[in-house]
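Residue-level structure breakdown
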Amino acid sequence: MPFGNTHNNFKLNYKVEEEFPNLSKHNNHMAKVLTKEIYGKLRDKQTPSGYTLDDVIQTGVDNPGHPFIMTVGCVAGDEESYEVFKDLLDPIISDRHGGYKPTDKHKTDLNFENLKGGDDLDPNYVLSSRVRTGRSIKGFTLPPHNSRGERRAVEKLSVEALTSLDGEFKGKYYPLKSMTDAEQDQLINDHFLFDKPVSPLLTCAGMARDWPDARGIWHNDNKTFLVWVNEEDHLRVISMQQGGNMREVFRRFCVGLQKIEAIFKKHNHGFMWNEHLGYILTCPSNLGTGLRGGVHVKLPKLSTHPKFEEILTRLRLQKRGTGGVDTASVGGVFDISNADRLGSSEVDQVQLVVDGVKLMVEMEKKLEKGEAIDSMIPAQK
Amino acid sequence: MDYKYRPIGAQTVDYKLRAAAISRTGELLLGRRCWFVSSSVGKIGIFVSTTGSNSSPQIRQQQGSAMPFGNTHNQMKMKYTSEQEYPDLSKHNNHMAKVLTPAMYERLRSKQTPSGFTLDDVIQTGVDNPGHPFIMTVGCVAGDEETYEVFKELLDPVIQDRHGGYKPTDKHKTDLNPANLKGGDDLDSNYVLSSRVRTGRSVCGFCLPPHCSRGERRAVEKLSIEALASLTGDLKGKYYALKNMTDAEQQQLIDDHFLFDKPVSPLLLASGMGRDWPDARGIWHNDTKTFLVWVNEEDHLRVISMQKGGNMKEVFNRFCTGLTTIETLFKDRGHAFMWNEHLGYILTCPSNLGTGLRAGVHVKLPNMSKNAKFEEVLKRLRLQKRGTGGVDTAAVGGVFDISNADRLGFSEVELVQMVVDGVKLLVEMEKKLEKGQSIDDLIPAQK
């Protein structure tokens, strides 16, 4: 038990060589790690909900590689995927998360008071601040695998939890499938609306099935706290505001998240978490904190400096265009955020962003005055 | 038998002990005897004797695992009620959405084919794609030959709706004897620019493109290459695997209008037909470029015969000869084409059942196509129009793709005859309209 997954058992009629994917043109973490031996060892396995090795790797087989970033090429279908398929996923996690070992422990710290500073980033340069993470709800399979019934149950629980929030968190839920045109326009103008995934990385993993059933957006009346339901993860939680007060953004993030978690726990559906991998999410790249804390910051001079990439690497930061991942920067404005997810805590990662962006703004100001920044180049963090 | 724990996926099944069905192993397993019994519903029960039992009733009831073993994922979904799992089809306009009801969903959702294809697999593409602006899509696919049996409660009405009232008891006639086609060699090539006949074939013993594994797909490719490589004469040709095509080969195939690309249509992608692309996909064509086979696109095989001009008879000759030769080659290797006397040739999409045949021409009808009666004439001739880019495209320069509308319930010869006769008539009408004459006396009766 669980009884054999019929389709998967059927495939065992074919030899490993016959079923092993052709990865000769592939460049993703899964393709780097998967061997015929690992495939042979794992292919007859399944998680309790019936997720199989071929399910895990399908997106990586279908998408050989991304021109800008090294994609992961595999997803989890449920909490147990990370256990049942650890022979494949542990090396991928190690590769993706800076050598994180199967025996390592991950630290969770959502106490915003442990953050030092962060309330004084210069708003002449730092246009906006944002922290996002994802959460998976125990007892349900993940977006690549879940059924309509499960997805709707996640939505129902989420709506209950979110509509019970009050004070600065009082807000409203907008299901995608019954949004009015006016609501849709407003959400687009606020940059809140998410659309049906078009990225083949997501669609090949099955995350767009039954769209837009049980998908929706909740946000507070102040429009500073936002939750996406049933997109790439069960929940995506976002705290954001204009300007450079990352401290306030992080405070709201932590407080809101913990309020939501408490409500889910009361319904016996806490968030998926363990002491090795931290918060369990669909994509192995988001394990640990699942946190991306970032700013939109004007760095027209620093970004053209030959040491820009090196500085970012040392600060453990990454840059993106202001449209998010897969976009280019416009007008010298960059999205700068933490590069790490697993092996450091939420406070650690936001601290890196706060300190790193503060330094880069100072460098930008120096360069504006025609001064050198060599003495400011940081050591590797 | 007394089971203390009810296993996940267990069902209560009645087994009749019939001598012919019993394969008695009589092995001693921990001091007990085992019987393997097949039931009338195709399940195999494994019975273990209790110590001291000596009775063997004619009918047994057993709660236990039935083979094929429960599809884990599908069984897990059974924890949710039918209402909770039933798709929201309120904005949908496809055949599946017209037919599926909550009660039907409830009856079929626990079922699976022997290879594990489930109801949700059948309907996923129709759930994900609410409707097409130009044509009424089918909204469901088969994953294997047995899909049409296990899910007949859904698929029979869909088939009936799509194929002009075709009943579950109807028989389909296959006729691939080109000698039975009358005429067809004299369509006016001033108007008929090209002629083409295509169909699909599924290879017995393998799951269909929405469901097949890489191993299966490669086995279909291997068989196809062997079969096609043994063709001779004007059918002699070469196979080009998509995954190791050179740039030069690719350009040539594009110029010849032969190359097929990874599906972009969400109708196909949502049903899983794009998985593992381009593994085990390829194109074979003969040296004269008049006979072409696509391997592992929307069906295991798509077979196409084509040439410039209006000699549909020759196109159909080559089509039939080529197809029947290929079928023999596959049969010789122990893998016939999927076919039955009710549904004819079994293909992935229910719209292609029967003959799977689309015979058509590219024909210049600039005047006729603007005539008020154009649509009506096409309908009466049982023909349909498309743009020259194929389905989903618009006509360019008054040139239309005109082909048979039917697939099931008519034979191949009958369908090509309709195209030949119908196009001949349309060209006559075009000529009349060119001269400013009326076509009223040429309007045909409903075929």
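Along each chain, numbering runs from 1 in the same order as the chain's sequence is written. Just so you know, chain letters begin at A and ligand numbers begin at 1, following the order they were written in. Confidence filtering applies because this is a predicted model: local features only for residues at pLDDT of at least 70, side-chain atom pairs given and counted only at 80 or more, and all residues used for totals across whole chains, interfaces and linings. To get the side-chain values, all heavy atoms of the structure are used, and hydrogens and water are removed first.

Moving on, we come to the overall build of chain B. Looking only at helices and strands, chain B features 13 helices and 15 strands. Under the scheme applied here, a residue whose accessible area is under 20% of the maximum for its type counts as buried, over 50% as exposed, and between as partly exposed, the area being computed with a 1.4 Å probe on protein chains only. A total of 447 residues make up chain B; the buried ones form 53% of that total. What makes two residues a contact is simply this: any of their non-hydrogen atoms within 4.5 Å. Excluding contacts between residues fewer than 6 apart, the proportion of contacts in chain B whose partners are at least 24 apart in sequence is 71%. Accessibility throughout is a Shrake-Rupley quantity obtained with a 1.4 Å probe, and a residue counts as covered only by protein chains that appear here. Of the roughly 19900 Å² that chain B leaves accessible, carbon and sulfur atoms contribute 52%. In this text, helices come from DSSP runs of H or I with a minimum length of four residues, and strands from runs of E with a minimum of two, each type numbered from the N-terminal end.

Within chain A, the secondary structure is distributed over 13 helices and ten strands. Computation of the radius of gyration draws on C-alpha atoms alone. For the globule rule, the value is 2.2 Å times the number of residues to the power 0.38. In summary, chain A has a C-alpha radius of gyration of 21 Å against a globular reference of 21 Å for 381 residues, a match within 12%. The C-alpha extent of chain A, read off along each of the three principal axes, is 70 × 45 × 40 Å. Burial analysis of chain A (381 residues in total) assigns 59% to the buried set. For chain A, restricting intrachain contacts to residue pairs at least 6 apart in sequence, the fraction spanning at least 24 positions comes to 74%. Entry remark: accessible area of chain A is about 15400 Å², with carbon and sulfur atoms responsible for 51%. In this tally, Asp and Glu contribute negative charge and Lys and Arg positive charge; neither His nor the terminal groups of the chain are included. Taken as the charge centre is NZ of Lys, CZ of Arg, CG of Asp or CD of Glu, depending on the residue. One finds the centroid of the 50 positive side-chain charges in chain A at a distance of 1 Å from the centroid of its 53 negative side-chain charges.

Right, let's talk about helix α5 (residues 53–62) of chain A for a bit. The buried fraction of α5(A) is high, at nine of ten residues. In this structure, the buried side of α5(A) is in contact with α1 (6–11), α3 (29–33), α4 (36–42), α7 (86–96) and α10 (200–203) of chain A together with α8 (214–229) of chain B.

Right, let's get into the interface of chain A and chain B. Contact with chain A, which involves 43 residues of that partner, is made by 45 residues of chain B. Summed over both partners, the accessible area (1.4 Å probe) lost when two parts come together is defined as the buried area. In total, chain A and chain B occlude about 3300 Å² of area from one another, counting both sides; carbon and sulfur atoms represent 47% of this. When a carboxyl oxygen of Asp or Glu is within 4 Å of a side-chain nitrogen of Lys or Arg, the pair counts as a salt bridge. Across the contact surface, chain A and chain B share three salt bridges. N or O atoms within 3.5 Å of each other form a polar contact, as long as, within protein, one can give a hydrogen and the other can take it, and as long as residues adjacent in sequence are counted only when both atoms are side-chain atoms. Linking chain A to chain B there are 26 residue pairs in polar contact (both at pLDDT 80 or more). Contributions of two or more residues to the side of chain A that touches chain B are made by α1, α2 (16–19), α5 and α8 (148–163) of chain A.

Attention now moves to the environment of Asp109(A). Residues and elements named next belong to chain A. Structurally, Asp109 can be placed in the loop between α7 and β1 (126–135). Overall, Asp109 belongs to the buried group, its relative accessible area being 17%. With 180 residues separating them along the chain, Asp109 and Thr289 place their C-alpha atoms 9.0 Å apart. Sequence-distant contacts of Asp109, that is, excluding residues within four places in its chain, are made with Asn114, Ser345, Glu346 and Val347. Among the polar contacts listed, one links the side chain of Asp109 to the backbone nitrogen of Asn111, at a separation of 3.0 Å.

Glancing now at unusual backbone geometry. Residues Trp211(A) and Pro212(A) are joined by a peptide bond in cis, for which omega reads 0°. Along the polypeptide, Pro212(A) turns up in the loop between α10 and β3 (216–220). Between Trp277(B) and the following residue, Pro278(B), the backbone shows a cis peptide bond with an omega angle of 0°. Phi is positive for Ala214(A), which is not a glycine, with a value near 65°.

Within 6.5 Å between ring centres, the rings of Phe, Tyr and Trp (the latter by its six-membered ring) count as paired, and their orientation is classed by plane angle as stacked under 30 degrees, edge-to-face over 60, tilted in between. Counted according to the given criterion, the structure contains 15 aromatic pairs over all chains. Relative to Trp277(B), the ring of Phe260(B) has its centre 6.0 Å away and its plane inclined at 85°; by these criteria the two rings are edge-to-face. Separated by 17 residues along the polypeptide, Phe260(B) in the loop between α9 (247–255) and α10 (266–269) and Trp277(B) in the loop between α10 and β8 (282–286) bring together distant segments of the chain. The same class applies to Phe260(B) as to Trp277(B), namely buried. Their ring planes at 40° and their centres at 5.0 Å tell us that Phe260(B) and Trp294(B) sit as a pair that is tilted. Here Phe260(B) is found in the loop between α9 and α10, whereas its partner Trp294(B) is found in strand β9 (residues 291–295), with 34 residues between them in sequence. Relative accessible area serves as the criterion here: at 15%, Trp294(B) is assigned to the buried category. Joined through ring pairs, the aromatic side chains of Phe169(A), Trp218(A) and Phe225(A) make up one cluster. A ring is considered to have a charge above it if a Lys NZ or an Arg CZ atom is located within 6 Å of its centre and within 35 degrees of its normal. Note that Arg135(A) overlies the ring of Tyr279(A), its terminal NZ or CZ placed 3.4 Å from the centroid. The ring of Tyr345(B) carries the charged tip of Arg201(B) above its face, separated from the ring centre by 3.4 Å.

With that out of the way, let us pick up the pattern of salt bridges. All chains considered together, the criterion is met by 58 salt bridges over all chains. Residue Lys156(A) is joined to Glu160(A) by a salt bridge in which the shortest nitrogen-to-oxygen separation is 3.8 Å. With a gap of four residues between them, Lys156(A) and Glu160(A) both fall in helix α8, about one helical turn apart. On the basis of relative accessibility, which here comes to 36%, the residue Glu160(A) falls in the partly exposed class. In this structure, the salt-bridge partner of Lys167(B) is Asp170(B), at a minimum N-O distance of 3.5 Å. A relative accessible area of 41% places Lys167(B) in the partly exposed class. A single salt-bridge network, built from bridges that share partners, covers Lys11(A), Asp54(A), Arg214(B), Arg217(B) and Asp276(B).

The next point concerns the nonpolar core. All names here are of chain B. One finds Val293, Met312, Met368, Ile402 and Leu426 to be the most contacted residues of the largest nonpolar core, which totals 62 residues. The greatest single-element share of this core, amounting to twelve residues, is contributed by helix α13 (residues 412–434). Every residue in contact with Met312, bar those within four places of it in the chain, is listed here: Gly184, Leu187, Ser195, Arg196, Val197, Ala359, Gly360, Val361, Val416, Val419 and Val420. To qualify as a nonpolar core, a set must consist of buried Ala, Val, Leu, Ile, Met, Phe, Trp, Tyr and Cys residues joined through side-chain atoms within 4.5 Å.

Residues and elements named next belong to chain B. Each pair of strands is called paired provided DSSP finds at least two bridges between the two strands. Across the sheet, eight strands lie side by side as β7-β8-β9-β10-β6-β13-β15-β14; this open sheet has antiparallel pairing. Every other strand in the sheet has two partners, leaving β7 (237–241) and β14 (383–386) as the edge strands with one partner each. Neighbour to neighbour, the strand axes of the sheet diverge by 20° on average, direction disregarded. Across five bridges, β9 lies against strand β10 (residues 301–308) in antiparallel orientation. Each bridged residue has a counterpart across the sheet, and for Leu292 the counterpart in β10 is Ile304. Where helices are involved, their axes are fitted lines through C-alpha atoms of the stretch in contact, as for all axes, and angles between N-to-C directions lie from 0 to 180°.

Moving on, we get to the sheet that holds strand β9 (residues 317–320) of chain A. All names here are of chain A. Taken in spatial order, the eight strands make up an open sheet running β2-β3-β4-β5-β1-β8-β10-β9, and their pairing is antiparallel. In the strand order of this sheet, the two ends are held by β2 (171–175) and β9, each with one partner. Recorded for the sheet is a direction-independent mean angle of 20° between the axes of neighbouring strands. One ladder, built from six bridges, connects β1 with strand β8 (residues 292–298); its direction is antiparallel. Opposite Val131, over in β8, you have Gly293 as the bridge partner.

Turning next to the confidence of the model for chain B. All names here are of chain B. When pLDDT is averaged along chain B, the result is 85, and 83% of the positions lie at 70 or above. Here strand β5 (residues 59–64) stands out as the least confident element of chain B, with mean pLDDT 34; strand β12 (residues 344–345) is the most confident, with 98. Note on residues 1–69: pLDDT is under 50 here. Beyond four places in sequence and across chains, it has 109 contacts. For this predicted complex, the interface confidence comes out at an ipTM of 0.89, alongside a pTM of 0.86. You can read pLDDT as the predictor saying how much it trusts each residue, on a scale of 0 to 100.

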